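Chains, contacts and geometry: an overview
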Amino acid sequence: MASLFSELQVRDVTLRNRIAVSPMTQFSSPDGLVTDWHLAHLGSKAAGGAGMVMVEQVAVAPEGRMSTTCAGLWNDEQGEALARIARFVRSVGCVPGIQLGHSGRRGCVEPPWLGGGHLPVDHPDAWEMIGPSALPFGGVMHRTPREMTRDDIVAMAGAYAAAARRAREAGFEWLEIHAAHGFLLSSFFSPLSNHRTDEYGGDFAGRSRFLVDVVEAVRAEWPERLPLSMRFGVTEFAPGSQTIEDSVALARLLKPKGLDLVDVSFGGNSGQAQTPWEAEGFMVPAAERIRREADILTAANWNLADPHFADAIVREARVDVVMLGRPMLANPHWPVYAAMVLGQERPYDLLPVQFSTWLNKYQRSRVNDGFGHITGRAAEPDAAAAE
């Protein structure tokens, strides 16, 4: 029986545990270049004991960014900057992963702390957005994208392939394709955003065709020995969205083309979505079903911070990998915290020797579960101090 702290081998890559750091866009990459911020951000999670750290979505083309300060991988300079992160993550025993994507109609926006809306058309930094159909997302993202031509689609599959080659050359060992959260591939798969009448729209075969093209193009550049995953937007939590059955069928279609794992999330193509944000593990049932019915590894996201719950969904074979975002922002040593909560014998062994040597030697560091500042509980005074 697997557990949260079991190894997982996928092709020639072994994760030391089932905890992965979700890709989290930082809006901190001038000219698409990752910086020291990313090294500190991602390096802390890798040194904190995670099995894999996934670099945020990197755009495969300049117009594929969300904002002017989002990361990219459309040129070699960006690949060289990312290589530094891959080297450090690997040096502390963690698998370096990277996510490729294109923002589509959700691009050309301000950072979220400035409102997250589209830049005006006449803004000096604005660009033309593209999508499957000329349909705006709505709300603060009100601009209408240009409907992609067939030539655009073919060229974009090539851009994904070129980015995969650069990811390989940069030393990454796990590659993920982003097809969720309302970004380009997700908008092709969703009937809410894809109203095309050609071979890239309409029924399941049409709406999934671009995703198939991208996987085939990427696999031609991504080594056979290295894992490939895709983040699926399995539902919009809105009427008329793609179904879980669609995602099961997509996983079955892509698995023989080289897909190893489905990273299950929401579609994000509807401004009217009723997403159950507060529910614990609300994407787990979909991940479990895809895992069972498509016979493929799955990862789950969203509200998985309770170590007992995270461990249970792995032990019960509902998912294979737990993806954590905000819990790892709050506590980069969350794997150690989880190991303590779950009664692992030597939780500090998850850390590099520069940390574990001293933490194992001085066990008083484990007061308040070792995370007093995280748990919010004051240390209980011992009897001598009380007297």
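So, here is what we can say about the structure in this document. (Residues numbered from 1 in each chain as written. Predicted model: local features only at pLDDT ≥ 70, side-chain atom pairs only at ≥ 80, totals over all residues. Heavy atoms only, no water.)

Looking now at the sheet that holds strand 10 (residues 261-265). Backbone hydrogen bonds are what pair the strands of a sheet, in a parallel or an antiparallel way. As summarised here, the arrangement of the eight strands in space is 3-4-5-8-9-10-11-12, forming a closed barrel in which the pairing is parallel. On average, adjacent strands in this sheet sit at an angle of 25 degrees to one another, irrespective of strand direction. Pairing of strand 9 (residues 228-233) with strand 10 involves five bridges; the strand directions are parallel. Pairing of Arg231 across the sheet is with Asp263, part of strand 10. (Pairing = 2+ DSSP bridges. Helix = DSSP H or I, 4+ residues; strand = E, 2+ residues; numbered from the N terminus. Axes fitted to C-alpha atoms, helices over the stretch in contact; angles between N-to-C directions.)

Within this structure, the stated rule accounts for nine aromatic pairs. Pairing Phe189 with Phe204 gives two aromatic rings, centres 6.3 Å apart and planes at 75 degrees, and the pair type is edge-to-face. With Phe189 in helix 4 (residues 184-189) and Phe204 in helix 5 (residues 204-221), this residue pair connects regions lying 15 residues apart in the sequence. When its relative accessible area of 23% is taken as the criterion, Phe204 is described as partly exposed. Pairing Trp277 with Phe282 gives two aromatic rings, centres 6.1 Å apart and planes at 85 degrees, and the pair type is edge-to-face. Look at Phe282 and you get buried, because its relative accessible area is 11%. Members of the aromatic cluster, connected to one another through ring pairs, are Phe237, Phe266, Trp277, Phe282 and Trp302. Arg207 extends its terminal NZ or CZ atom over the ring of Phe189, reaching a point 5.7 Å from the ring centre. (Phe/Tyr/Trp six-rings, centres within 6.5 Å; stacked < 30°, edge-to-face > 60°. Buried < 20%, exposed > 50% of the residue type's maximum accessible area, 1.4 Å probe, protein only. Lys NZ or Arg CZ within 6 Å of the ring centre and 35° of its normal.)

Moving on to unusual backbone geometry. For Asp295, which is not glycine, the phi dihedral falls at a positive 55 degrees. By secondary structure assignment, the location of Asp295 is in the loop between helix 7 (284-294) and strand 11 (297-300). The backbone of Asn303 sits at a positive phi, close to 60 degrees, despite the residue not being glycine. Residue placement: Asn303 occurs in the loop between strand 11 and helix 8 (307-315).

On to the pairing of strand 5 (residues 95-101). Here strand 5 lies mainly inside the structure; seven of its seven residues are buried. Here strand 5 shows a buried face lined by Val95, Gly97, Gln99 and Gly101 and a second buried face lined by Pro96, Ile98 and Leu100. In this structure, strand 4 (residues 52-59) lies alongside strand 5, joined through seven bridges in parallel fashion. Along strand 5, the bridge assignment pairs Gln57 with Gln99. Regarding topology, helix 2 (residues 76-91) serves as the crossover connection from strand 4 to the parallel strand 5, and that connection is right-handed. Bridge analysis of strand 5 against strand 8 (residues 174-179) gives four bridges, and the strand direction is parallel. Bridge pairing in strand 8 links Gly97 to Trp174. (Right-handed = clockwise from strand over helix to strand, strands pointing away.)

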